[in-house]
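# What the coordinates show
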Amino acid sequence: MAEHTHVLFVEDDDVIREATQLALERDGFEVTAMPDGLSGLEAFRADRPDIALLDVMVPGLDGVSLCRRIRDESTVPVIMLSARADSIDVVLGLEAGADDYVTKPFDGAVLVARIRAVLRRFGHASGPGSAAPAADQGQSPDGGVLSFGDLEIDTEGMEVRRGGEPVALTPTEMRLLLEFSSAPGTVLSRDKLLERVWDYGWGGDTRVVDVHVQRLRTKVGQDRIETVRGFGYKLKA
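Quick caveat: nothing in here was measured; it's all calculated off a predicted structure.

Bringing the nonpolar core into the picture now. Within soluble globular proteins, side chains that are nonpolar tend to cluster in buried spots. One finds Leu54, Met80 and Phe180 to be the most contacted residues of the largest nonpolar core, which totals 50 residues. For Met80, the contacting residues outside a window of four places in its chain are Leu54, Val56, Gly63, Val64, Cys67, Gly93, Ala98, Asp100, Tyr101 and Val102. Of all hydrophobic cores here, the second largest spans 17 residues; its members include Leu24, Phe29, Val31 and Val102.

Following this line, the structure appears as structure tokens:
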């Protein structure tokens, strides 16, 4: 699954950087490891990796700012690494465009599992447990185009338009929207969304869901996705 997968890893702690690089390489990943944000940005632009692992607190250009720079140029998946699970850093990283985060200290096997889950969502890997896109569950007879008010979702072309104008979504945002559009009017719990969109086979932090829903709302309309307190979210039909 990790074959030919190139990982950019930005971490300023020499011990963590070297140990994690060795662990990932043992699992078959190709790793470019950088000690600061500026060199990480240069490596990203030069190598165009399949996934980026960014520590929040790196010198030169911090991980959140680096994530924003990467997101301005690419939809490559990004996982943030943070030593403080209850920190605002987690939310800031997700708001900057990260797809997931892992708290330090982390177990190598957990990190590899999280990387593989993200790669499956982005189509870089396949195998048991790989989820088919939510759109396969129920397409529109009109060539796969679903309409919700001024919002149009082309489930075959993977394109979204609002008021006739194209909407740029990251792959994670697209999968989240497809999940909602496959069951409009149905309340989807945060845990269910973690399972279906983030491919979590274990309990996860629901802040990942909440931040992505907020990001999606800014693009498809604040009122299009409704919060059902105590239960989850639903797409207004």
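Here we take up helix α2 (residues 37-47). Along α2, the residues classified as buried are Gly37, Ser39, Gly40, Leu41, Ala43 and Phe44. Residues of α2 that are buried make contact with β1 (6-10), β2 (30-34) and α3 (63-73). Residue Arg48 follows α2 closely and has a positive phi angle near 45°.

Moving on, we come to the sheet that holds β2. If you trace the five strands from one edge of the open sheet to the other, you get β2-β1-β3-β4-β5, paired in parallel fashion. Only two strands of the sheet have a single partner each, and these edge strands are β2 and β5 (100-103). Strand-to-strand, the axes of this sheet are offset by a mean angle of 20°, without reference to chain direction. Two strands pair when backbone bridges link them, and strand β4 (residues 78-82) and β5 are joined in this way by four bridges, in the parallel orientation. When the bridges of β5 are listed, Met80 appears paired with Tyr101. Relative to β1, α2 is tilted by about 165°, and along the sheet it contacts β1 and β2.

This brings us to unusual backbone geometry. Negative phi characterises most residues that are not glycine, and trans characterises most peptide bonds. Omega for the peptide link from Lys104 to Pro105 comes to -5°, which places this bond in the cis form. A positive phi is found at Arg48, a non-glycine position, where the angle reads about 45°. Here Arg48 is to be found in the loop between α2 and β3 (51-55). Overall, the relative accessible area of 43% leaves Arg48 in the partly exposed class. Non-glycine residue Met158 carries a positive phi angle of around 55°. On the secondary structure map, Met158 appears in the loop between β7 (151-154) and β8 (159-162). Exposure remark for Met158: the relative accessible area of 34% places this residue in the partly exposed category.

Averaged over every residue, the pLDDT of the protein is 86; residues scoring 70 or more account for 87%. Counting interchain partners and residues more than four positions distant, the pLDDT-below-50 stretch residues 124-141 has 27 contacts.

The next point concerns helix α1 (residues 14-26). Compared with the 18 Å implied by 1.5 Å per residue over 13 residues, the 18 Å span of α1 between its first and last C-alpha is a close match. Summarising the contacts, the buried residues of α1 are in contact with β1, β2, β3 and α5 (108-121). Immediately beyond the C-terminal end of α1, within one or two residues, lies Gly28, with a positive phi of roughly 100°.

At a minimum axis distance of 10 Å, the contact between α2 and α3 shows a crossing angle of 20°. Overall, the two elements α2 and α3 adopt an arrangement that is roughly parallel. In terms of crossing hand, the pair formed by α2 and α3 is right-handed. Residues Gly37, Leu41, Phe44 and Arg45 of α2 lie in contact with α3, whose contacting residues are Leu66, Arg69, Ile70 and Glu73. Broken down by class, the residue content of the contact of α2 with α3 amounts to four nonpolar, one polar and three charged.

The rules behind each value
- Residues numbered from 1 in each chain as written.
- Predicted model: local features only at pLDDT ≥ 70, side-chain atom pairs only at ≥ 80, totals over all residues.
- Heavy atoms only, no water.
- Core = buried A, V, L, I, M, F, W, Y, C linked by side-chain atoms within 4.5 Å.
- Buried < 20%, exposed > 50% of the residue type's maximum accessible area, 1.4 Å probe, protein only.
- Contact = heavy atoms within 4.5 Å.
- Helix = DSSP H or I, 4+ residues; strand = E, 2+ residues; numbered from the N terminus.
- Pairing = 2+ DSSP bridges.
- Axes fitted to C-alpha atoms, helices over the stretch in contact; angles between N-to-C directions.
- pLDDT = per-residue confidence, 0-100.
- Expected span 1.5 Å × (residues − 1).
- Parallel < 35°, antiparallel > 145°, perpendicular 65-115°, else oblique.
- Left-handed = near helix turned anticlockwise from the far one by under 90°.
- Nonpolar A, V, L, I, M, F, W, Y, C, P; charged D, E, K, R; others polar.

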